[in-house]
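# Descriptive structure summary
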Amino acid sequence: LVRGYASAGGFHLHVNLQTPETLRAAQAAPASYGQVMIRMSGLSARFVSLERKMQDALIHRAERGV
């Protein structure tokens, strides 16, 4: 899929590798998931350092494959 996209001229691709289940687990036990990183609007952040409202929004997006 990625090779096909690139060969067709694609040059920017965002792939979300965190499942909603992983993100929920990180909310429940932040000390155990400090390494989980997210990328949002070109910036990277540790998921557990985000406000709960932002965490919930990211989980919502991950559930919908956005």
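See the structure above.
Everything in this summary refers to the structure shown in the same document. It should be emphasised that the depicted structure is a prediction, and the values quoted were computed from it without experimental measurement.

What follows covers the packing of helix α2 (residues 20-28) against helix α3 (residues 52-63). When two helices pack together, their arrangement is given by the angle between the helix axes and by the axis-to-axis distance. Relative orientation of the contacting elements α2 and α3 amounts to 165°, with a least axis distance of 9 Å. Looking at the two axes, α2 sits roughly antiparallel to α3. In this structure, the crossing between α2 and α3 has a hand that is left-handed. Across from P20, L23, R24 and Q27 in α2, the residues of α3 making contact are R52, Q55, D56, L58, I59, A62 and E63. Class assignment of the residues belonging to the contact of α2 with α3 gives a composition of five nonpolar, two polar and four charged.

Turning to α2, its buried residues number three or more, namely P20, L23, A26 and Q27. One side of α2 holds all its buried residues, which, seen down the axis, span an arc of 120°. Exposed side chains of α2 directed beyond 90 degrees from the buried face belong to E21 and A28. Residues of α2 that are buried in the fold lie against α3.

The rules behind each value
- Residues numbered from 1 in each chain as written.
- Predicted model: local features only at pLDDT ≥ 70, side-chain atom pairs only at ≥ 80, totals over all residues.
- Heavy atoms only, no water.
- Axes fitted to C-alpha atoms, helices over the stretch in contact; angles between N-to-C directions.
- Helix = DSSP H or I, 4+ residues; strand = E, 2+ residues; numbered from the N terminus.
- Parallel < 35°, antiparallel > 145°, perpendicular 65-115°, else oblique.
- Left-handed = near helix turned anticlockwise from the far one by under 90°.
- Contact = heavy atoms within 4.5 Å.
- Nonpolar A, V, L, I, M, F, W, Y, C, P; charged D, E, K, R; others polar.
- Buried < 20%, exposed > 50% of the residue type's maximum accessible area, 1.4 Å probe, protein only.
- Arc of directions from axis to C-beta.

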